[in-house]
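As a plain string of letters, each chain reads:
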Amino acid sequence: MFRFLARLIGLWFVAMALVALVIDGTKTIAATAWVTTPLGQYWYDFAPASLNTAQAAVQRHVAPFLWDPVIQTLLTAPVWASFAPLGFLLLWMGERRWFSRRRASLV
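We now turn to the structure provided with this report. Since the structure is predicted, the reported quantities are computational estimates derived from the model, not experimental observations. (Residues numbered from 1 in each chain as written. Predicted model: local features only at pLDDT ≥ 70, side-chain atom pairs only at ≥ 80, totals over all residues. Heavy atoms only, no water.)

**Focus on the overall build of the chain**
Rules: For the purposes of this entry, the term helix denotes a DSSP run of H or I that reaches at least four residues, the term strand denotes a run of E that reaches at least two, and both are numbered from the N terminus. Using a 1.4 Å probe on the protein chains alone, a residue whose accessible area is under 20% of its type maximum counts as buried, one over 50% counts as exposed, and one in between counts as partly exposed. Should any heavy atoms of two residues lie within 4.5 Å, those residues are counted as being in contact.
Of the regular secondary structure elements, the chain holds 6 helices and 0 strands. Counted from the first residue to the last, the chain has its helices and strands arranged as α-α-α-α-α-α. Burial status across the chain gives 24% buried among its 107 residues. Contacts in the chain between residues far apart in sequence, at least 24 positions, make up 68% of those at least 6 positions apart.

Structure (structure tokens):
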């Protein structure tokens, strides 16, 4: 079950990264300059209230220093640079060989 979910979510993340790369590529061609849209901009366009809520929750309940250097750095990265590595990592974790080797070493 874990392998299936890891592969499914990994494929979705890789697909989102590919779509974001194509969108940034077309914007770059149209502007004749390198254009990337940061992850934070997409999140703000989609649900601005949840971005503010997430910031307040992390700063109040987790750790204030976690939002400023760590999460803000991730939010300023392009979407394709954020989701592609995570998607490939989940795809790799969802492989049958990796999961069975990991499980065998735990027993």
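**Describing the packing of helix H2 (residues 39-46) against helix H3 (residues 48-62)**
Note the cut-off: To get an axis, fit a line to the C-alpha atoms, keeping to the stretch in contact for a helix; angles then go from 0 to 180 degrees between the N-to-C directions. Orientation is classified from the angle alone, with under 35 degrees giving roughly parallel, over 145 giving roughly antiparallel, 65 to 115 giving roughly perpendicular, and any other angle giving oblique. Under this grouping Gly is polar, as are all residues other than the nonpolar Ala, Val, Leu, Ile, Met, Phe, Trp, Tyr, Cys and Pro and the charged Asp, Glu, Lys and Arg.
Two elements in contact, H2 and H3, have axes whose closest approach is 5 Å; the angle formed by their N-to-C orientations is 120 degrees. Relative to H3, the element H2 is oriented oblique. Contacts between H2 and H3 involve Gly40, Trp43, Tyr44 and Phe46 on the former and, on the latter, Pro48, Ser50, Leu51 and Ala54. Tallied by class, the residues present in the contact of H2 with H3 amount to 6 nonpolar, 2 polar and no charged.

**As for a nonpolar patch on the surface**
To keep things clear, this is the line we draw: Patch membership is restricted to residues that have no salt bridge and whose relative accessible area is over 30%. Joining uses 9 Å for like charges and 5 Å for the nonpolar side chains Val, Leu, Ile, Met, Phe, Trp and Tyr. Computed with a 1.4 Å probe, the accessible areas rest on the Shrake-Rupley method; for each residue, only the protein chains presented here act as cover. Only one rule defines a salt bridge in this text: a Lys or Arg side-chain nitrogen within 4 Å of an Asp or Glu carboxyl oxygen.
Side chains of Met1, Phe4, Leu5, Leu8, Ile9 and Trp12 sit close together on the surface and give an oily, nonpolar patch of about 670 Å² of accessible area. Among the residues examined, Leu8 registers a relative accessible area of 36% and is labelled partly exposed.

**So, H3**
So the rule is basically this: By this rule, a helix spans an expected 1.5 Å times one less than how many residues it contains. Within this analysis, the arc is defined by the directions that extend from the helix axis to the C-beta atoms.
When the terminal C-alpha atoms of H3 are compared, their 20 Å separation across 15 residues agrees well with the 21 Å that a helix rising 1.5 Å per residue should span. Taken together, the buried positions of H3 are Leu51, Ala54 and Val58. Down the axis of H3, the buried side of the element spans an arc of 60 degrees, and every buried residue falls inside it. Relative to its buried face, H3 has exposed residues pointing more than 90 degrees away, namely Ala49, Thr53, Arg60 and His61. Buried residues in H3 make contact with H2 and helix H4 (64-76).

**Let's talk about the nonpolar core**
Test applied: Among buried residues, those of type Ala, Val, Leu, Ile, Met, Phe, Trp, Tyr and Cys that are joined through side-chain atoms within 4.5 Å constitute a nonpolar core.
Within the largest apolar cluster, 13 residues are counted, with the highest numbers of intra-cluster contacts made by Leu39, Trp67, Ile71, Leu75, Val79 and Phe83. The set of elements that each furnish at least two residues to this core consists of helix H1 (2-31), H3, H4 and helix H5 (79-93). By residue number, the principal contributor to this core is H5, which donates 4 residues. Residue contacts for Val79: discarding those within four places in its chain leaves Ala20, Thr37, Pro38, Leu39 and Tyr42.

**Observations concerning the side chain of Asp24**
Inspection of the secondary structure assignment puts Asp24 in helix H1. Residues within four places of Asp24 in sequence aside, it is in contact with Val35, Thr36, Thr37, Tyr42 and Trp80.

**Concerning the packing of H3 against H4**
Under the convention used in this document: We call a crossing left-handed when the near helix sits turned anticlockwise from the far one by less than a right angle, and right-handed when that turn is clockwise.
For the pair H3 and H4, interaxial distance at closest approach is 7 Å and the crossing angle is 145 degrees. In the packing of H3 onto H4, the handedness of the crossing is right-handed. Residues Leu51, Ala54, Gln55, Val58, Gln59 and Val62 of H3 form the contact with H4, whose own contacting residues are Pro64, Leu66, Trp67, Ile71 and Leu75. For the contact of H3 with H4, a count of residues per class yields 9 nonpolar, 2 polar and no charged.

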